[in-house]
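# Report on the structure
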Amino acid sequence: LKTKVTEVSTQNEDLKKKVTVGSALRAVNVQVVGLTSRGKEKEGELKNRRVDQLKVSYILPSNPLASQDNKEVYMRIMDPDGAVLNDMAKGGTLKYANQELGYSVKQKVAYTNNDQQVDMYYKKEQSFKSGKYDVELFSEGFKIGKGSFVVK
């Protein structure tokens, strides 16, 4: 009887892990555009002096296993050298894969499970270096999406 209980407990733990992984959000069609101080959108290669802030847009596809509630989405923006753009007033650290990672900005998203479009903004605090920047999105301990952009 003890072996049967242990076996069932192990199966339950495996199923919990699978449901947790299955219920993770995903961010698709991650796009980054630059916004000027007047709010005009600039796509493609961005010019440092013309960009006042970044707008990162993505879609959260429906997932029947995910609960419909407020989700914290963390955005990491990494410069060409791999350093995270992190102003402690807006950013902080998050736990991912047993590590503490710095993030650039976080946002609460009311997840509605209907392929919703989400926009996140990052106001530039200092000049961007020339090169390719990577953007990573995290929620509930999972990396849910990534994108990139180039600054001239």
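Anything mentioned here points back to the structure above.
To keep things clear, this report deals only with the structure shown in the data block.

Once that is clear, we can look at the pairing of strand β5 (residues 92-96). By the bridge criterion, five bridges tie β5 to strand β6 (residues 99-103) in an arrangement that is antiparallel. Note that in β6 the partner of L94 across the bridge is L101. Here β5 hands over to β6 after two residues, with A97 in that stretch at a positive phi of 50 degrees.

A few words on the pattern of salt bridges. This structure, assessed with the given rule, holds 12 salt bridges. A salt bridge links K4 to E7; its shortest N-O distance comes to 3.8 Å. Placement of the pair is K4 and E7 together in helix α1 (residues 2-22), with a separation of three residues, close to one helical turn. Residue E7 is classed as partly exposed on the basis of its relative accessible area, which comes to 43%. Residues D52 and K123 are paired through a salt bridge, measuring 3.0 Å at the closest nitrogen-oxygen approach. Taken together, the residues D52 in the loop between β2 (41-42) and β3 (53-60) and K123 in strand β8 (residues 116-123) connect sequence positions 71 residues apart. Here D52 falls in the partly exposed class, since its relative accessible area comes to 24%. Each member of the salt-bridge network shares a partner with another, and the members are D69, K71 and E140.

What follows deals with unusual backbone geometry. Unlike most non-glycine residues, N98 shows phi in positive territory, near 60 degrees. With respect to the helices, strands and loops of the structure, N98 is situated in the loop between β5 and β6. Look at N98 and you get exposed, because its relative accessible area is 86%. Positive phi values are uncommon outside glycine, yet N113 reaches one of about 60 degrees.

A few words on the layout of surface pockets. Counted as a void, the largest pocket has a volume near 170 Å³. Lining the largest pocket we find 13 residues, and of these L85, N86, Y122, Q126 and S127 sit closest to its centre. Grouping the constituent residues of the lining of the largest pocket by class yields five nonpolar, three polar and five charged.

All right, on to the environment of S67 then. Tracing the backbone through its elements, the reader meets S67 in the loop between β3 and β4 (70-78). Sequence separation between S67 and A24 is 43 residues, and the spatial gap between their C-alpha atoms is 9.6 Å. Here K71 takes part through its side chain, which lies 3.1 Å from a polar atom of the side chain of S67.

The rules behind these values
- Residues numbered from 1 in each chain as written.
- Predicted model: local features only at pLDDT ≥ 70, side-chain atom pairs only at ≥ 80, totals over all residues.
- Heavy atoms only, no water.
- Pairing = 2+ DSSP bridges.
- Helix = DSSP H or I, 4+ residues; strand = E, 2+ residues; numbered from the N terminus.
- Salt bridge = Lys/Arg side-chain N within 4 Å of Asp/Glu carboxyl O.
- Buried < 20%, exposed > 50% of the residue type's maximum accessible area, 1.4 Å probe, protein only.
- 1 Å grid on protein atoms, 1.4 Å probe; cavity = no way out; pocket = protein on both sides within 12 Å on 5 of 7 lines; lining within 4 Å.
- Points joined across faces, edges and corners; volume = space filled by probe spheres on them.
- Nonpolar A, V, L, I, M, F, W, Y, C, P; charged D, E, K, R; others polar.
- Polar contact = N/O pair within 3.5 Å; in protein donor to acceptor, adjacent residues only side chain to side chain.

Function-wise, these values are silent; they only describe arrangement.
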